[in-house]
Every structure is written in structure tokens, then in C-alpha cells.
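The primary structure of each chain is shown beneath.
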Amino acid sequence: MAELEGLEFGKSDFVLLDEVTMEQFMENLKLRFEKGRIYTYIGEVVVSVNPYRQMDIYGKDTIDAYRGRELYENPPHLYAVSDAAYKAMKRRAKDTCIVISGESGAGKTEASKYIMQYIAAITNPSQRAEVESVKNVLLKSNCVLEAFGNAKTNRNDNSSRFGKYMDINFNFNGDPTGGHINNYLLEKSRVVQQQDGERNFHSFYQVLVFCSTSNTFTDQKEPPRVFFFLQTSNNDRSSHKAVMNALGVIGFSEEEISSIYQILASILLLGNIQFESDGENVQVLGQEAVKHISELTSTDPDSVTKSLLFRTVATGGGEVIEKGHSEQDACFGRDAFAKALYERLFGWIVSRINSIIEVKDYNPVLHGKNTVIGVLDIYGFEIFDNNSFEQFCINYCNEKLQQLFIELILQQEQGEYQREGITWQHIDYFNNQIIVDLVEQPHKGIISILDEACLSVGKVTDTVCLDSMDTKLSQHPHYTSRKLSPTDKTMDFQKHFRIRHYAGDVTYSVEGFLDKNKDLLFQDFKRLMYNSSNPVLKEMWPDGQLSITEVTKRPLTAATLFKNSIVALVDKLACKEPYYVRCIKPNEMKSPVLLDDARCQHQVAYLGLLENVMVRRAGFAYRQPYARFLQRYKMTCEYTWPNHLMGSDREAVEAIVTQHGFQDDVAYGHTKLFVRTPRSLFSLEQERAALIPILVLFLQKVWRGALARSRCRRMRAVYTIMGVYKRFKVKAHFWEVERRFAGVRTTADYGKSVDWPTPPAALSQFHNITVMWWARQIVKNIPPSDMLEVRAKVSALTALSGERKDWGVGRAWERDYLVRDSPQTSSGFIRVSKELKNKDEFSQILFSGSCRKVNRFNRSTDRSLVVTDKYIYKLEPKKQYKVLKKVPLDSFTGVSVTSGVDQMVALHTSSQDDVLLCLQRGELSPNQDRVGELVGSLVDHFTRSVIHQHLAGIFQVALLNLVNIVDSTKNTTALLCA
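Small disclaimer: the values here were computed from a predicted structure and weren't measured. (Residues numbered from 1 in each chain as written. Predicted model: local features only at pLDDT ≥ 70, side-chain atom pairs only at ≥ 80, totals over all residues. Heavy atoms only, no water.)

Glancing now at the pattern of salt bridges. Tallied over the entire structure, the rule returns 38 salt bridges. Two residues, R599 and E103, come together in a salt bridge whose shortest N-O distance is 2.1 Å. Separated by 496 residues along the polypeptide, R599 in helix α21 (residues 597-606) and E103 in the loop between β3 (96-101) and α4 (108-122) bring together distant segments of the chain. Considered together, R599 and E103 belong to a single accessibility category, that of buried residues. A salt bridge links K526 to D543; its shortest N-O distance comes to 3.6 Å. One end of the pair, K526, is in helix α18 (residues 523-530); the other, D543, is in the loop between α19 (535-540) and α20 (558-574), with 17 residues separating them in the sequence. Residue K526 is classed as buried on the basis of its relative accessible area of 17%. (Salt bridge = Lys/Arg side-chain N within 4 Å of Asp/Glu carboxyl O. Helix = DSSP H or I, 4+ residues; strand = E, 2+ residues; numbered from the N terminus. Buried < 20%, exposed > 50% of the residue type's maximum accessible area, 1.4 Å probe, protein only.)

Positive phi, close to 55°, is recorded for Q494, a residue that is not glycine. As for its placement among the helices and strands, Q494 is situated in the loop between β13 (479-481) and β14 (496-501). Of note, E841 is a non-glycine position whose phi angle comes to about 60°, a positive value. Tracing the chain through its elements places E841 in the loop between α29 (826-840) and β20 (845-854). Residue E841 is classed as exposed on the basis of its relative accessible area, which comes to 56%.

Once that is clear, we can look at the packing of aromatic side chains. Centre distance and the angle of the planes are the two values used to describe a pair of aromatic rings. For the structure on display, the rule yields 28 aromatic pairs. Put simply, the rings of F389, F392, Y479, F497, Y508 and F513 pair up and form one aromatic cluster. Taking the ring centre of W541 as reference, the NZ or CZ of R344 above it sits at 4.1 Å. Of note, R930 hangs over the ring of Y817, and the distance from its end group to the ring centre comes to 3.9 Å. (Phe/Tyr/Trp six-rings, centres within 6.5 Å; stacked < 30°, edge-to-face > 60°. Lys NZ or Arg CZ within 6 Å of the ring centre and 35° of its normal.)

This part takes up the sheet that holds strand β12 (residues 371-377). Pairing is mixed in the open sheet, where seven strands are placed in the order β1-β2-β16-β3-β12-β6-β7. Every interior strand has two partners, whereas the edge strands, β1 (39-42) and β7 (176-184), have only one. Within this sheet the neighbouring strands show an average axis-to-axis angle of 20°, counted without direction. Contacts between helix α3 (residues 78-92) and the sheet are confined to β1, β2 (45-49), β3, β6 (163-170), β12 and β16 (577-584), with β16 contributing the most and set at about 170° to the helix. (Pairing = 2+ DSSP bridges. Axes fitted to C-alpha atoms, helices over the stretch in contact; angles between N-to-C directions. Contact = heavy atoms within 4.5 Å.)

To continue, consider the sheet that holds strand β15 (residues 504-509). Read across the sheet, three strands follow the order β13-β14-β15 without closing on themselves; strand pairing throughout is antiparallel. Edge strands, defined here as strands with exactly one partner in the open sheet, are β13 and β15. Shown here is a sheet whose adjacent strand axes are inclined to one another by a mean of 25°, direction ignored. As defined by bridge partners, β14 adjoins β15 across six bridges and the pair is classed as antiparallel. Residue pairing in the sheet places R500 in a bridge with D505 of β15.

Before going further, it helps to spend a moment on the confidence of the model for the protein chain. For the protein chain, the average pLDDT comes to 82, and 89% of its residues sit at 70 or higher. Averaged pLDDT values for the elements of the protein chain fall to 30 in helix α32 (residues 972-977) and rise to 94 in β2. Note on residues 216-225: pLDDT under 50 across the span, and 18 contacts to partners over four residues away in sequence or across chains. Taken together, the stretch residues 950-963 has pLDDT below 50 and engages in 21 contacts with residues farther than four places along the chain or on a different chain. (pLDDT = per-residue confidence, 0-100.)

Three- or four-residue spacings in an α-helix give side chains the same orientation, since the helix completes a turn every 3.6 residues. For α4, with 15 residues, the first-to-last C-alpha span of 22 Å sits near the 21 Å given by 1.5 Å per residue. Extensive coverage of α4 is indicated by the burial of twelve of its 15 residues. Here α4 has its buried residues at K108, T109, A111, S112, K113, Y114, I115, M116, Y118, I119, A120 and I122. One or two residues past the end of α4 sits N124, with phi positive at roughly 55°. (Expected span 1.5 Å × (residues − 1).)

In terms of residue burial, β20 counts as a mostly covered element, since seven of its ten residues are buried. Sheet analysis places β20 next to strand β21 (residues 860-868), joined by nine bridges and oriented antiparallel. Bridge pairing in β21 places S850 opposite S864. Where β20 hands over to β21, the hairpin turn is made up of five residues, of which N858 adopts a positive phi near 65°. Taken together, the three bridges between β20 and strand β26 (residues 915-919) define a ladder with antiparallel strand orientation. Among the inter-strand pairings, K853 is bridged to a residue of β26, identified as L917.

It is worth spelling out the side chain of S259 at this point. Along the chain, the position of S259 falls in helix α8 (residues 254-271). Within the structure, the side chain of S259 is placed 3.2 Å from the side chain of N534, a separation counted as a polar contact. Among all residues touching S259, those that are not within four sequence positions of it are N534 and V536. (Polar contact = N/O pair within 3.5 Å; in protein donor to acceptor, adjacent residues only side chain to side chain.)

So, about helix α27 (residues 784-800). Taking 1.5 Å per residue, 17 residues should reach 24 Å; α27 reaches 25 Å between its end C-alpha atoms and fits that length. The complete set of buried residues in α27 reads M787, E789, A792, K793, S795, A796, A799 and L800. A positive phi of about 55° marks S801, the residue just after α27.

Here it is, written out as C-alpha cells:
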């Protein structure tokens, strides 16, 4: 558990104030701000003060400290309310939303970014690639939307000039799977006009960086430096680099990014177009800008000029005429075109992001319930020196959000206590429904009066509209004008009207209200953009495909469209469980050390924070129907687990509360239990969390036992079937053996040519024994004189392992070929062999034959080879079989032969004095292979030798493992070296 704050930092929750007064509230707020504590709770509401400096409270360690913790376990933080919203969504499968409110410059945009970063950090612990991709797109979308939707104002260097509501979709596992972004009322008038000291949207300054390297504006070496739509400039290279990176991460193609910046460049060039009139006709001053605009928008230069100077109109009879603009109308059309271009571009970027991150092909049956966390970052309440139509819409939006806050936090809270029969002292608060009705009420509200004026036939001016408002709203307590209050000199006649908002009085200038509400754009511009060869531009203007004579329904006004979108937004928020972040702007100088008391008191008052504290102190932090409370916590009480036997769920809930000893901290309603402090609920959650593993183990044990018993029954059945089948296979095998070997005793080969049937696995050992017995029956019929040859062939077969194709198995092995091959000299050899036998006392000759010896110089001579059971002799046949070399048989370590049909043999000795020779086949049998006979005789001898049993084992291993079957293509030198 993270360390909590000390008293020197003030009260971390305004509910803990000794007295709920504005003085104590401001004293605690100021103390915490001075101590660097910018977050304070009101129950589950976070009050955030803009610090106007970087703070080291958003790193990985801080995220880990708040992950999975309850609100009161750690000091107040945005991460705490983010985690609370995430846990509510994951635990109860309940859609939640985080509403960030406050005036311009209070830190709403930064708060929304930190909330998004926290949600991204605590999800997807397994690092699944598809989830990481969704998270990256959601995070990078903030960077892109800030660049195209934010601007520097006199009150805020990064003010959101549009409203943004983002839904983040989560799967059953709590990982983000997609999202959707809604944007509201982009302040497009800023494209063509800004107040003194303010800037246009950030994207326009970043496009200068883009164009300085890509030479987008002109063919000159340097792009133009002065644009009438830009009052100031700044070095935005780093921001441009971040936006380009974000566009790439999100998934915009190179062609789409290039199109975006071409459109921005064309908007800037539109601002540089000037007109002149000779009294009858209007002309464009200079065609250079028009030429570049046509290049950037992939349109015809003449069509661009024509759209700027003329308006194509279809008469009632179907006749098409071209009506030339006055100089004033041409300027109005140019500005309207520039604003519409930027608005369409911004809307296209948002829809393009949505097409990437929206959840596709979601099946609740397969993927579980899809839950949502909404994050609302919308423009704050604004009071400028000159407040126009945009400020009117923005402040109406804030009235609607304040109304939602009142309904959910104050009105519904107290209404629920009354319905449930909870003892409650009513708390008065200001309900701004009357102001909302002033703006949106059908037929009587300001928006209805504006729409009526826009639809009227004839010349209806802003002044006429103001007179209509004065007439219809003269009795409204929150509306006034100079006509209704002649003594108020802060307003001008036929220009200003004032609304008493919940956040304070705002004076609006009616100039331009009707034009901005009509939001007129000549159809010529729409057709021009639709006919562009740039696919991105064409996609932005689908309404440009209508022909000139095609009649369309009159579009809704800007105010009505905005009202409808805000009503839909409020409905969407109302069906979710809300969490609030109330942002406060400490001063107008953007100072990190100054907290303006009067400025902050005004914000605290109109945000209704004192009333929120009062309701929270008198109210209950948590409420739940008895059945749901019982379902979640029944395992913590012995009287309710697994099922209670009491009269009602309420009695069972009372048993749980009594057992845990916090009956003084709850109230029992008609259908719900109310818990006053989160600490009581947290103690239940802790005990539940401790019991869950035990219950899981118990359920696992029961389930595993059931599975084991089921597997055991299946295994018994399987073994029974296997036993019956095995017995059948054994009997079938015996029947087949009996059938095949019937009458083999009478055959000449005693059944040698009969193939044995493949035995079942259970009879494999028995089969081997049977085959051995059968082999012994065959061997018994072999004469004793042939047994030596048979054993030698078996030994050769084992040693050569099938590596040598022909090794003489099909012929009779004579062993002593010096006697057989040369009858004329055999007497001399017989005499020498007897002398050697007497002298060296060997028992028998294992192999003898003529050969050619090959020395290391590749020279060969005729020799005779005699292998006995003790020595190997090399004899000179031309000198009466003189012994040239005698080597003890036990000094040989291996033999190498080739895989071909040649008779090359290498005998290896322990003294490295190897013998390389080629056996000769003899004159009588020129095609005989004698290599196999030599190898078989040696292996058989050492295998059967009892005296040299140990050596036999060694030599047999050597013959089996060290016999080299050398490729027959190798020459003798290579063989000797091997």
C-alpha cells in the first residue's frame, strides 16, 4: 500500500473538512496547490488544479502504485479515478465514462491524455500484438487530433477548439479491442480570423515545416512567408515530426498524408487571394495563387477561378444561369470555402481513425460482453472580450454537461434516497435547467429563434433576429439586452445580448450569428472538390455529385446540428456509470505559484463543488440491490454460503453486515443497501479476495474429482475392450501361424521359405523366441562340417551390415585358397604351413589366399596371406612361401573394406603399422568375392574364442563399430591414409 499524505498537505478529500464553507474549501485548495498537491477528492470526484508546470507524478512507478488499488489507499490522483472506472467496467461488466470539465485553460486536455496513458499501461499484460496495435492507435490519435483541432488562445496555449468523446471498447478480459471518436463543433471560423494575440490551428504552422522541405507552395526555392490566415508563426518542427510519426503509426498511407498537407497548403493560399472590382465585374488579383491551389487540389485553374467569382443557380423553370459575385460576396465565398475545406478535412481524419480502431465482426457469443469506457474532453466554459456564435454553442454545451452532473450527482442522488426511504436532509442547489431551456426549448429557445430567422424569406439581418429574441425572451430571468436594460452601458444597442449562465454572465455579439448558423457554402465549391482527381478530396465531398438542377432538402442549421449532437452525447453519458474530473484554472497569468482566490472561488461556485461536498458528506458512497450485494459477498459469511435459509435477501445482507461489524455505517432501503464509506466496502472486498482462491481450489478439487472419476470409468471400459481385442489378436495370430506352417516338417527346407505373419505387440517377445526356436530346428539339420562356414557368413553379415552389396554369401567358402588355387605349388605351401604350425603352435588356418600388397608409394607386389588363430603371415610365394612378416592376431584393431566389388582390404594394427592389400580371386574362380569371407572368418573366430574372450569382445566391437566401408571410387592411397 502506498504511503498516504500527511496533514501538512491539507485534507486529501474535501468531504473531511471541518465545516463545508467556501473559506475552508479555498484554504484547503490553496494549501494543497502550494505544496504541489494538484489533486483532491470529493468522494469519487477528482478536483484538479492546473499546475502550469511539468510534474514528476506520472511515471511507471506511480502507475504501478495505483494499479488495482482502491481510491482511498493512495493520495488523490487521476490514475485513481481511472483505475476505479476500469475496475467497475471489468468487475461488473458496466459501461463507465470519465467526464472532464472546466473552463478553457484548466488542464482538461492534459488530464484526458494521462487517463488514456494509464488505461493503456495497465491493460494487455501478455503483450498481444493486436491489442498493442489498438493501444498505439488510440494514444497516437490524441497527437493528431491536437494538431488539427487545438490552437493557442489568449487563455490557453493548447486550447481544444473542438469537443472530443472517445469510447474505448474492452473484451471480457479487460483488454482494449477498439474504439470510436466523436467530434463536436470544430471552431472553423478560426481558420480565417483570430483575435489579437491568438494563433490559428497548430496544423497550419506545422504545414510550413512540411512545405519548406517538400516545396509545396511554389516552384521557388523558399515558400511564401506571409499568409493572411496566420497572424503569428512559431517553430513547430518537433510537433510536426511527432504528428508525422503518429499518422504513420495509426495507418495513414503516404498518399493520404501528402493529401492532408496539400489541402492545408491550399487553405493558406486561399487566404492570400484578393479581389478587385471595376464597378461591374470582379476579378482575382494575380493568378499565381489560383494556379497553385488548382495544383494542390488536383483541379482545373479555370474551374477554381470560376467558383470564386461566379455562382451557378438553377431557376424555377430549370434554366441554369451564372450569377457573378460582388467583391464582398467573393470574399465571403472564399472564406466559407476555406472553412469548409478545413472542417471536411478534420472530419475525414476522425472518420479515417475510426475506420482503423472500430471493433469489427464482434460476436458476443464468441468473445464475451463488449464493455466501454468513455473519455470526454470537451471545450470549457468561455468568456472572451468578443463572444460570438462559437462561444454561444460552447457555453450551451457546458450548460448541458452541468445539467447532467446535477442530475446524476445531486438530483438523482437525493431522489434515490427519498424513493428508498433513507432518512435525508434535503440540500438546495442551483438547477440550470432553466438556462438549458432558454437555449434549446422548441419554438421559444434561442436556437429556434435563430433557425426561424434563417428560414425566413427576405432580408433578415442579425439585428432583426436580435429584436425577435428581445420580444420573445423579454420576461426570461436569465436573458437581457441593451434594449431590455437601457441603463446597462456595457452592451450596445442592436448588437449585444447577455445570458446569465451557471458559470457567470456572458455578453454575446449578434454580428455574424445568422451567417454562421446558416453555414452557407455555394454548391459550385462542392462540385469543384468532388470533381478533383485526388481520391481523398473526392471522398470528403460526396454531396458534390448532385447536379445543378437537382433539388435537395434544406440542410439543418449549424446550431440545430450541434444541439442534436450534444443531446445524443448527454444521452450516451447518462447510460454509463460516470466518474468526474473537475478542472480548475488557478490564474490568468499561467503562473505555477499563483492561485487567484476570486478566480478560483468563481469556478468552485459555478461547478457546484460545495454542493457536491455537502451531498457527499450526507450521502452514501456505495449502493447496491440486495440480490446483487448478496451474490457478490455471500461467501464472506457462514450463514449465507453457499445459500441462505432466511426469509429474504435483505435479512441475509443484514447477517453479512452484522458479522463484519459495520452496521453503523450502512442504511437499509426498500430494495438496496447503502454503504456510507468506501472503507467498509473495501474490507468486504479484501475478505472476498482472500476467499476466492480457496473457493476456486475447492471448485477445482470437485471438478477434477468428477473429471478423474469420469476418466477412470472410460479407462476401465477402454481396458476391457483392449483386453478382449488383444485376446482376439493373439488367437488370430496363432491361427495364422498354424495355417502357414502346417506340414512344413515334410518340406526340404523345413519351412525356411515361409513368411512369418506380423505379430501383435503383445506377442513380439514370444514371436522372437518362436523364430529362434524355429531357426534352431533348421540349424539342427545342417551337417557339422558346414557349421563353420555358416557361422562365418553370419558374422560377415553382422559386421558388414548390408553396406557391401556383394560379399560372397552365395558361394561355398573354402577358407584355404592357397591349396585350392595353385595345385602345382600347393605342396610347398602345405610343407611351410606344417612347419609354422609346429613352430607357432596355432590350431587352424582361418583364411589363406593370394594377394597384392600396396605400399605407401603406390607400388604393388604379389604376396600370400595366411590368417591363423594366433598370427597373420605375409609370405613370398616366389621364394617357397618365405615368411616376410608375422603379426600377432591380437594386435589388430580393425579392418577397412570398400563398398564396391574390388578386393581392397586394410588391416589396422595397434602399432599404426597398417597393411593394405588386394585379395586375388584365383584362376579357377575369377569372379569370386573373398573380402566377406576374410571379415567373417575373423569375426567368427574372435566371437567363439574362449581363451581370448575379453579380447574378442574388444575386437568384435572394433569390427562392428570401426570397420570402415570406404567408397569404392577412392584410390588406394586415400584408403591407406584413412
